[in-house]
Amino acid sequence: MAKPWTVEDSAKLYNVEGWSLKYFDINAEGNLIVHPRRTADLSIDVKKVVDDVIARGIRLPVLFRFQDILRHRVTLLNESFRKAIEDHKYKGRYYGVYPIKVNQLCEVVEEILDAGQPYQYGLEAGSKGELLAVLAMNGPESLTILNGYKDESMMRLALLGVKLGKKVIVVIEKPSEIPLLLKASRDMGVRPLIGLRSKLQTQGTGRWKYSSGHSSKFGLTSPELLAAVETLAAAGMLDCVKLLHFHIGSQISDIQIIKDAVKEGARVYAKLRKKKLDIEYLDCGGGLGVDYDGTHTAVDSSTNYTPREYVSGIVYSIKEVCKQEKVPEPNIVTESGRSIVAHHSLMVVDAVGIIESGAAPIELAQTDKEAEPVTEMRETLQDLNPKNLAESYHDAVQRREEAFSMFKLGYLELEDKAKVENLFWRICMEIDKHLPKAKYISEDILDMLKTVRSQYLCNFSVFQSLPDSWAIGQLFPIMPLHRLAEEPNQRAALVDITCDSDGKIVQFAGHRKTGGALPLHPLRPGEPYYLGFFLMGAYQATMGDIHNLFGRLNEVHVFEDKDEPGGYYLEEVVHGQKVKDVLTSVQYLDAELIKMMKDQIENLVKAGTIKPREGVEYLDQYEAAMEHYTYIDRNAMRVPDEAPAPAPAPPAPAKAA
Ligand SMILES: Cc1ncc(COP(=O)(O)O)c(C=O)c1O
């Protein structure tokens, strides 16, 4: 007899240990829990938080922010550097900065700054808007780094920061920025703090590999770097160069590439130091990856190293180069974004329905006289086992093609063609069942399986909440938040509620054994089914768009507190956009739309088509919908149990004049 399913089986199936960095786990009740500070004694049952939030009238989808995780990530990175610096007897210090483009939300940045205060953890900006935000928020003790393309007004803003006593370092991305900075500096009578971004030869990996190397958008090549030094020397500004910067891309999956880049960057630093540039900081940019699929490998959605290894690799590599070159060890700067913010936010959506696969075969009983392709298909089905999945699938495809050709030429009856198709889909579904025992699953089988899957309709928009999934095929861990003591025996893809066939997720982290599908439970009538989308904190929040006019989500900030029931309290609820907000963002003013509707309704009342009372009701209904959340109201989807009301009578035919 098969062993009963356990929560440990679910943890293994969804590879929770692989991707969660011990922030998430499953409790004995089968609910997902969060350990905001990674201590086993403190846990919050996420299903209960969701129930609590819904009871307070907040509707799904909701983005939960576990602010304690955010703080923990900041502390961990800074402490890791402190420890590595101590272990390697490194002479410089660590001054991290958080690049706000990774998640600009004010509450996120405030929390990061607060947690980073003991370490003088600073901020990085890459645009005028970001610069205005960080200038106001960052203090004088920590670094403010200005990257990205700049115009003169940005240079002036940066220099304003210097005048106010802040350490704002302007990183030169291209040669033409130098005269702009020098002019602004002369006009304002303030000496700038200058960084030079070096275009390294070491190339990153994966999706952002062109952030470095010859064709990169940013940075100075070696000749440009030397020319910049000459220009600055001629202007008497060489002593203003305080920082050397490089960034080889985000989500670097291979530690070896990080070490190579750091060694190359450190070598450039050392050579510039020997040219009498008093550079104090070596800025290694971003790139510390997140293990989204939990495989600990060098594939795009994973990393073959831990954050601790990353930190140690940087400190050691710089030290080695400085020793060889006999130059002072610089203070180390990194601009980690993804690794700081990814884990703290979790999107919860409800599955509101299932779209069954169109491939479900209907029964067509066996008869005495059947055409050869039908008999052969039956044999293939009979002989199918976990060891011959690919062979059986290829046979089935071939037989179906042959049957189709015979039908076109008039050699096969419609009944036999129907049987062949029926058997083909049955074989596909049997292959699906055998997958867990199969040693190898070929790509064409994985493709085929996408066509036989059910699709769970989920109340969210891929375009608003998971732009990286849609745009670059990024994987995120996704799993149910409850019923995890029960075997998830369905295999599905997820579709969103936008009217766009791209609004779906068909690839899931670590589910090759399930044919790339997501294992889920069957929906129970009248019961919610909550799915969690994890590691959503980096880049997703502000890159999403309002495709189909689905707006920003409701957000809830959760803090752990062991004295509170459930071990948490909800600090803040940031309400998502209403329908009228998203309409306004595309230039429809709600007041104007209401006025237009009012005029039309009044005309119908005047014409006697509708009664005045009806007119008032219709307008109220229209106006009220402007205040709605942009997502589906699950309660308003429930079909009432009572007998359906009679359909309204069709309009009377118009009388001939
Ligand atoms: C200059 C710069 N610094 C830092 C980052 C943040 O990188 P990550 O999120 O990989 O830490 C980026 C993002 O690509 C960047 O362009």
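Residues numbered from 1 in each chain as written. Predicted model: local features only at pLDDT ≥ 70, side-chain atom pairs only at ≥ 80, totals over all residues.

A. Region of interest: the overall build of the protein. Helices and strands together make up the secondary structure of the protein, namely 22 helices and 21 strands. Projected onto the principal axes, the alpha-carbon positions of the protein cover approximately 95 × 75 × 60 Å. Here the protein holds 657 residues, and 44% of them are scored as buried. By sequence separation, contacts in the protein at least 24 residues apart represent 76% of the contacts at least 6 residues apart. (Helix = DSSP H or I, 4+ residues; strand = E, 2+ residues; numbered from the N terminus. Buried ≥ 20, exposed ≤ 12 C-beta atoms within 10 Å, placed from the backbone. Contact = placed C-beta atoms within 7 Å.)

B. Representation of the pairing of strand E10 (residues 241-245) within the structure. Within E10, 5 of the 5 residues are buried, which leaves the element mostly enclosed by the surrounding structure. Two strands pair when backbone bridges link them, and strand E9 (residues 193-197) and E10 are joined in this way by 4 bridges, in the parallel orientation. Residue pairing for E10: Ile194 is matched across the bridge by Val241. Across 3 bridges, E10 lies against strand E11 (residues 281-283) in parallel orientation. The residue of E11 that forms the bridge with His245 is Asp283. Assessed by its sense of winding, the connection that carries the chain from E10 through helix H10 (residues 255-274) to E11 is right-handed. (Pairing = 2+ DSSP bridges. Right-handed = clockwise from strand over helix to strand, strands pointing away.)

C. Summary view of the pairing of strand E14 (residues 454-458). Bridging between strand E13 (residues 345-355) and E14 involves 4 bridges; their strand directions are antiparallel. Note that in E14 the partner of Ile355 across the bridge is Gln455. Here E14 pairs with strand E16 (residues 490-495) via 4 bridges, running parallel. Following the sheet pairing, Leu457 is matched in E16 by Val495.

D. Broad picture of the environment of Val74. Secondary-structure assignment places Val74 in helix H4 (residues 67-87). If sequence neighbours within four positions are ignored, Val74 has contacts with Ile112, Ala115, Gly116, Tyr121 and Ile340.

E. Inspection of helix H8 (residues 177-188) at higher detail. Spanning 12 residues, H8 covers 17 Å between terminal C-alpha atoms, matching the ideal 16 Å at 1.5 Å per step. Within H8, the full set of buried residues consists of Glu177, Ile178, Leu181, Leu182, Ala184 and Ser185. When H8 is viewed along its axis, its buried side chains cluster within an angular range of 165° and face the same direction. Exposed and oriented more than 90 degrees from the buried face of H8 are Pro179, Arg186 and Asp187. Lining the buried residues of H8 we find helix H7 (152-163), strand E8 (167-172) and helix H9 (222-234). After H8 finishes, the residue Gly189 shows a positive phi value of roughly 65°. (Expected span 1.5 Å × (residues − 1). Arc of directions from axis to C-beta.)

F. The arrangement of the sheet that holds strand E2 (residues 32-34) in detail. Read from one edge of the open sheet, 3 strands run E1-E2-E3, paired in antiparallel fashion. Of all strands in the sheet, those bounded by a partner on one side alone are strand E1 (24-26) and strand E3 (44-45).

G. Up close: helix H11 (residues 307-325). Over its 19 residues, H11 extends 27 Å from the first C-alpha to the last, a length consistent with the 27 Å expected when each residue adds 1.5 Å. Restricting attention to buried positions, one finds in H11 the residues Pro307, Tyr310, Val311, Ser312, Ile314, Val315, Ser317, Ile318, Lys319, Val321 and Cys322. Tucked inside the fold, the buried residues of H11 contact H4, H10, E11, strand E12 (331-333) and helix H12 (338-341). Just downstream of H11 lies Lys326, where phi reads positive at about 55°.

H. Region of interest: the nonpolar core. Core analysis: the biggest nonpolar cluster contains 166 residues, and Val170, Val348 and Phe476 have the highest contact counts within it. The contacts of Val348, once residues within four sequence positions are left out, are Val50, Leu60, Pro61, Val62, Phe64, Leu481, Tyr530 and Gly532. (Core = buried A, V, L, I, M, F, W, Y, C linked by C-beta atoms within 7 Å.)

I. Summary view of the sheet that holds strand E7 (residues 143-146). On the basis of which strands lie adjacent, the open sheet formed by 8 strands has the order E5-E6-E7-E8-E9-E10-E11-E12 and parallel pairing. Two strands bound the open sheet, and with one partner strand each, they are strand E5 (97-99) and E12. Taking the axes of each pair of neighbouring strands and ignoring which way they run, one obtains an average angle of 25° across the sheet. Two elements, E11 and E12, share 3 bridges in a ladder whose sense is parallel. Note on E12: the bridge partner recorded for Tyr281 is Asn331. (Axes fitted to C-alpha atoms, helices over the stretch in contact; angles between N-to-C directions.)

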